Amino acid sequence: MGELGMNQSKKAISCAAIVAGIIAMAAALYMDFMRTGTSFRGGLLIAGAVLLIVGFYLLPTKKHRSIIYVLFLFPLLFAFAVTVLIPFACGIFYSLTDWNGIKYDNFVGFGNYIAMFKSKDYVYSFVVTFIYTVINMLSVNIVAFALALLCTSKVKGRNFYRAAYFIPNLIGGIVLGYVWQFIFNKVAVSVISGSVSMLTNPNLALVAILIVSTWQYAGYIMMIYVTGLQSVPKDILEASNVDGANTLQTLLKIKVPMIANTFTICIFLTLVNSFKQFDLNLAITNGAPTRILSGKPVQSTEFLALNIYNTAIGKNQYALGQTKAVIFFIILAIVSLTQVTISKKKEVEM
């Protein structure tokens, strides 16, 4: 009976600590949103977190060990919440206001979202980003897989080729972009007499970005394909050779089905990387050249990430830029999850 009473007291104390922690953290977040200007918001938030930890640690339950595991992960989970989840929630909140980067004065509801979809430059950026993503995803994976086949063959110096093809990925996108901008604007024009830079043509400028992106990223994806190809059991390849299968049959009937999960990973990485393209876009063209769309000038190579940056930083429309960022995240999440789901189903079929 004494032990039961002790457990009840311990449970009451732990529940009180948990409730107090939740209230303290909620109050701190409320003060931050309402801009009360109080100086103890940070201390209140930390105190609330500590109370939550103590409360869950003292909570008498059969799943106490699982709670301890979660508490050990709490620093990581807390950092993730502070740097990702809470800013994302704040971003959604600010997209419903007239936020200027420092403060907001009014709630505008879905006004920013309506203005965003009425903006021709945003719609155009979405379309050109989609086109770029599809083409770049195909080109990077085709080139990377071809290089992986070369680097896993019996060709001499294949280790040198692996290193050489991977090196472009080590160069920063901004630096790489300015180097290639110089190549397109100066070197190529000088070598080919009478030609003009690809970056002056709206269509060729997009092709230029695709060339640089494929050159930079194919080596990284190649290494993943190399790992997948090397994981194919040698006895299966030897058996196919004994059965008379040629190189193409072995590739299509054995290697490709057995590394289906590698294709899923590589397609996912190239899809996300292409959709989020920013640094090369900024350094090579910065959205230029201009194209006339329905009588209005738009930046022909301005992808979504650059459009968001220019809206928030260039035009000082932080609320509208945040609105575009929220929609950007939702679209990217939907496309990525759809791609992974379809690829997983293909793995099962193979």
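Because the structure is a prediction, the values reported are computed rather than measured.

Draft legend 1. Local environment of the overall build of the protein chain. Counting secondary structure elements, the protein chain contains 14 helices and two strands. For 350 residues, the compact-globule estimate of 2.2 N^0.38 gives 20 Å, and the C-alpha radius of gyration of the protein chain, at 27 Å, exceeds that figure by more than 25%. Dimensions of the protein chain, computed from C-alpha atoms along their principal axes, come out at roughly 85 × 65 × 35 Å. Each of the 350 residues in the protein chain was classed as buried or not, and the buried ones make up 35%.

Draft legend 2. Geometry of the packing of helix H5 (residues 120–151) against helix H6 (residues 158–166). Where H5 meets H6, the axes come as close as 9 Å, and the angle between the chain directions of the two elements is 155 degrees. The orientation of H5 relative to H6 falls into the category roughly antiparallel. Here Leu147, Leu150 and Cys151 of H5 come into contact with H6, specifically with Arg158, Tyr161, Arg162 and Tyr165.

Draft legend 3. The nonpolar core, seen in detail. Counting residues in hydrophobic clusters, the biggest one holds 19 residues, and the most contacted among them are Ala144, Phe145, Ala148, Ile221, Met222 and Tyr225. Elements with a minimum of two residues in this core: H5, helix H8 (202–230) and helix H10 (247–258). With seven residues, the single largest contributor to this core is H8. Once you skip the residues sitting within four places of it in the chain, tyrosine 225 turns out to touch Asn141, Ala144, Phe145, Ala148, Thr262, Phe263 and Cys266. Counting residues in hydrophobic clusters, the runner-up holds 16 residues, among them Phe184, Leu206, Leu210 and Val298.

Draft legend 4. Just the layout of surface pockets, in detail. Counted as a void, the largest pocket has a volume near 650 Å³. Elements with a minimum of two residues in the lining of the largest pocket: H6, H8, helix H9 (234–242) and H10. Classifying every residue of the lining of the largest pocket gives six nonpolar, eight polar and five charged.

Draft legend 5. Molecular detail of the packing of helix H7 (residues 173–191) against H8. Viewed as axis vectors pointing N to C, H7 and H8 meet at an angle of 130 degrees, and their least axial separation amounts to 11 Å. Put simply, H7 runs oblique to H8. Regarding H7 and H8, the two cross each other, and that crossing is right-handed. Facing H7, whose interface residues are Gly173, Leu176, Trp180 and Phe184, H8 presents Ala208, Ile211, Val212, Trp215 and Gln216.

Draft legend 6. How the structure looks around the pattern of salt bridges. Inspection of the entire model under this criterion finds one salt bridge. We note a salt bridge from aspartate 121 to lysine 315, for which the minimum N-O separation is 3.7 Å. Here aspartate 121, found in helix H5, pairs with lysine 315, found in the loop between helix H13 (304–314) and helix H14 (318–349); they are 194 residues apart in sequence, far enough to count as distant. Note on aspartate 121: relative accessible area 14%, which makes it buried.

Draft legend 7. Looking closely at the packing of aromatic side chains. Per the counting criterion, the structure on display carries 22 aromatic pairs. Seen from their ring centres, phenylalanine 93 and tyrosine 104 are 5.4 Å apart, and the 80 degrees between their planes marks the pair as edge-to-face. Here tyrosine 104 lies in the loop between helix H3 (64–94) and helix H4 (111–118) and phenylalanine 93 lies in helix H3, a separation of eleven residues in the sequence. In this structure, phenylalanine 93 and tyrosine 104 share a single accessibility class: buried. Seen in terms of ring centroids, tyrosine 94 and tryptophan 99 are 4.5 Å apart; in terms of plane orientation they differ by 10 degrees. Their pairing is stacked. One exposure class covers both tyrosine 94 and tryptophan 99, and it is buried.

Draft legend 8. Geometry of the pairing of strand S1 (residues 290–293). Sheet topology note: the S1/strand S2 (residues 296–299) ladder contains four bridges and is antiparallel. Within S2, the position partnered with isoleucine 292 by the bridge is proline 297. Connecting the antiparallel pair S1 and S2 is a turn made up of two residues, with serine 294 showing a positive phi of about 55 degrees.

Draft legend 9. Spatial organisation of the side chain of asparagine 136. Mapped onto the elements of the fold, asparagine 136 is located in helix H5. Owing to a relative accessible area of 0%, asparagine 136 belongs among the buried residues under this scheme. When residues no more than four places from it in sequence are discounted, the contact partners of asparagine 136 are Leu210, Ser213, Thr214 and Ser274.

Draft legend 10. View of the environment of glycine 228. Take glycine 228: it is sitting in helix H8. Placed 30 residues apart in sequence, glycine 228 and methionine 258 show a C-alpha to C-alpha distance of 8.5 Å. For glycine 228, the contacting residues outside a window of four places in its chain are Ile259 and Thr262.

Draft legend 11. Highlighting H10. Under the 1.5 Å per step criterion, the end-to-end length of H10 is 15 Å for twelve residues, consistent within 8% with the ideal 16 Å. Buried within H10 are the following residues: Thr250, Leu251, Ile254 and Val256. Those residues of H10 hidden inside the fold are in contact with H5, H9 and helix H11 (260–275). Of the residues that open H10, the one with a side-chain oxygen 3.2 Å from the backbone nitrogen of leucine 248 is asparagine 246.

What counts, and where the lines are drawn
Residues numbered from 1 in each chain as written. Predicted model: local features only at pLDDT ≥ 70, side-chain atom pairs only at ≥ 80, totals over all residues. Heavy atoms only, no water. Helix = DSSP H or I, 4+ residues; strand = E, 2+ residues; numbered from the N terminus. Rg over C-alpha atoms; globule rule 2.2 N^0.38 Å. Buried < 20%, exposed > 50% of the residue type's maximum accessible area, 1.4 Å probe, protein only. Axes fitted to C-alpha atoms, helices over the stretch in contact; angles between N-to-C directions. Parallel < 35°, antiparallel > 145°, perpendicular 65-115°, else oblique. Contact = heavy atoms within 4.5 Å. Core = buried A, V, L, I, M, F, W, Y, C linked by side-chain atoms within 4.5 Å. 1 Å grid on protein atoms, 1.4 Å probe; cavity = no way out; pocket = protein on both sides within 12 Å on 5 of 7 lines; lining within 4 Å. Points joined across faces, edges and corners; volume = space filled by probe spheres on them. Nonpolar A, V, L, I, M, F, W, Y, C, P; charged D, E, K, R; others polar. Left-handed = near helix turned anticlockwise from the far one by under 90°. Salt bridge = Lys/Arg side-chain N within 4 Å of Asp/Glu carboxyl O. Phe/Tyr/Trp six-rings, centres within 6.5 Å; stacked < 30°, edge-to-face > 60°. Pairing = 2+ DSSP bridges. Expected span 1.5 Å × (residues − 1). Polar contact = N/O pair within 3.5 Å; in protein donor to acceptor, adjacent residues only side chain to side chain.

Purely spatial values, then, with no claim about function.
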